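# Working through the structure, step by step
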Amino acid sequence: GGAGIAAALSVGDDVRLISDAAVLSFGADSEVTLTHVADTGILLNSTNKLQFNDASQFIHAPSATVLDIAATDEIELTAAGNLEVVGTSSTTVTASGAVVPDANDGATIGTAALAFADLFLADGATIQLGNDEEITITHVADTGILFNTTSVIQFRDSAINIGSPADGDLDINADDEIELNSTLIDINGNVEISGTLMLLQYHLLV
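The present account deals with the structure reproduced in this document. This is a predicted model, so every value here is computed, not measured. (Residues numbered from 1 in each chain as written. Predicted model: local features only at pLDDT ≥ 70, side-chain atom pairs only at ≥ 80, totals over all residues. Heavy atoms only, no water.)

### Digging into unusual backbone geometry
In the Ramachandran plot, serine 30 falls in the positive-phi region, its phi being about 55 degrees despite a non-glycine side chain. When you line up the elements, serine 30 lands in the loop between β1 (23-26) and β2 (32-37). In this model, arginine 156 sits at a positive phi of 70 degrees, which is unusual for a non-glycine residue. In this fold, arginine 156 is placed in the loop between β10 (152-155) and β11 (157-163). (Helix = DSSP H or I, 4+ residues; strand = E, 2+ residues; numbered from the N terminus.)

This is the structure:
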């Protein structure tokens, strides 16, 4: 209960605080405290920070439900096993390397109930499909998208598709019917018909 002693304390062995809820106070007005929480750990009071190296790298709780880990350059989390992150991020997550699943075909991007909104890809970006990336979709800047080699776009099943079997050729295939609907269909080039030509309506305009 007496006045504090302004002197250094040197101890040559262990220091034990044997009472539950013991407190270590720091500063002339004891504004920083470490409190023993019985059978749990220690508690740093208020919004005070546990600093490392300098004042810009620290851990602290700015509010009763928020924990901040701050660094001026990098925060590295290392684990021998799984590293699990639970919760949501209210800010943009920036990555300088690849974001990968734990194994091939081991994770999805979003779910049926939690879908992402838009997807943004840079000029020349590719979408590579298959274990050996045999199908690619490439962005052609200011033009469109390009399917590689003889890859096809299929509809319903493999019999209905659009593709290019060889350079210069475009095939539109269906196992029953291909229907073209427009007020004007313009065909430039020779027309080859293999099969019966069925005219439902024929108008001769003079």
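### So, the side chain of asparagine 148
Checked against the element boundaries, asparagine 148 lands in the loop between β9 (144-147) and β10. Among the residues examined, asparagine 148 registers a relative accessible area of 19% and is labelled buried. Here the side chain of asparagine 148 touches threonine 136 through a polar contact of 2.9 Å, landing on its backbone nitrogen. (Buried < 20%, exposed > 50% of the residue type's maximum accessible area, 1.4 Å probe, protein only. Polar contact = N/O pair within 3.5 Å; in protein donor to acceptor, adjacent residues only side chain to side chain.)

### A word on the sheet that holds β9
With antiparallel pairing, the 3 strands of this open sheet are ordered in space as β7-β8-β9. The outermost strands of the open sheet, each flanked by one partner alone, are β7 (126-129) and β9. Looking at each pair of strands side by side, their axes are set apart by 15 degrees on average, direction ignored. Sheet analysis places β7 next to strand β8 (residues 135-140), joined by 4 bridges and oriented antiparallel. Each bridged residue has a counterpart across the sheet, and for threonine 126 the counterpart in β8 is threonine 138. (Pairing = 2+ DSSP bridges. Axes fitted to C-alpha atoms, helices over the stretch in contact; angles between N-to-C directions.)

### Looking at the packing of aromatic side chains
In this structure the tally under the stated criterion is 0 aromatic pairs. Note that lysine 49 overlies the ring of phenylalanine 58, its terminal NZ or CZ placed 4.0 Å from the centroid. (Phe/Tyr/Trp six-rings, centres within 6.5 Å; stacked < 30°, edge-to-face > 60°. Lys NZ or Arg CZ within 6 Å of the ring centre and 35° of its normal.)

### Concerning the environment of phenylalanine 52
Among the secondary structure elements, phenylalanine 52 is positioned in strand β4 (residues 49-52). Given a relative accessible area of 42%, phenylalanine 52 falls into the partly exposed group. Separated by 19 residues in the primary sequence, phenylalanine 52 and alanine 71 have C-alpha atoms spaced 9.3 Å apart. Beyond its immediate stretch of four places on either side in the chain, phenylalanine 52 contacts Gln57, Phe58 and Ile59. (Contact = heavy atoms within 4.5 Å.)

### Quick notes on the environment of threonine 78
Along the polypeptide, threonine 78 turns up in the loop between β6 (66-70) and β7. Side-chain polar atoms of threonine 78 contact the side chain of glutamate 76, separated by 3.1 Å.

### Side note on the sheet that holds strand β12 (residues 171-173)
Read from one edge to the other, the open sheet built from 3 strands follows the order β10-β11-β12, with strand pairing classed as antiparallel. Only two strands of the sheet have a single partner each, and these edge strands are β10 and β12. Adjacent strand axes in the sheet meet at a mean angle of 35 degrees, parallel and antiparallel pairs treated alike. As paired strands, β10 and β11 are joined by 4 bridges and run antiparallel to one another. Each bridged residue has a counterpart across the sheet, and for valine 152 the counterpart in β11 is glycine 163.

### Some details on a negative patch on the surface
Together, Asp157, Asp175, Asp176, Glu177 and Glu179 make up a negatively charged patch on the protein surface. Here aspartate 176 shows up in the segment after β12. A residue is classified by how much of its surface remains accessible, and aspartate 176, at 72% relative accessible area, is exposed. (Patch = residues over 30% accessible without salt bridge, like charges linked within 9 Å, V, L, I, M, F, W, Y side chains within 5 Å. Areas by Shrake-Rupley, 256 points an atom, 1.4 Å probe, with all protein chains shown as cover. Salt bridge = Lys/Arg side-chain N within 4 Å of Asp/Glu carboxyl O. Lys, Arg positive; Asp, Glu negative; His and termini not counted. Charge placed at Lys NZ, Arg CZ, Asp CG, Glu CD.)

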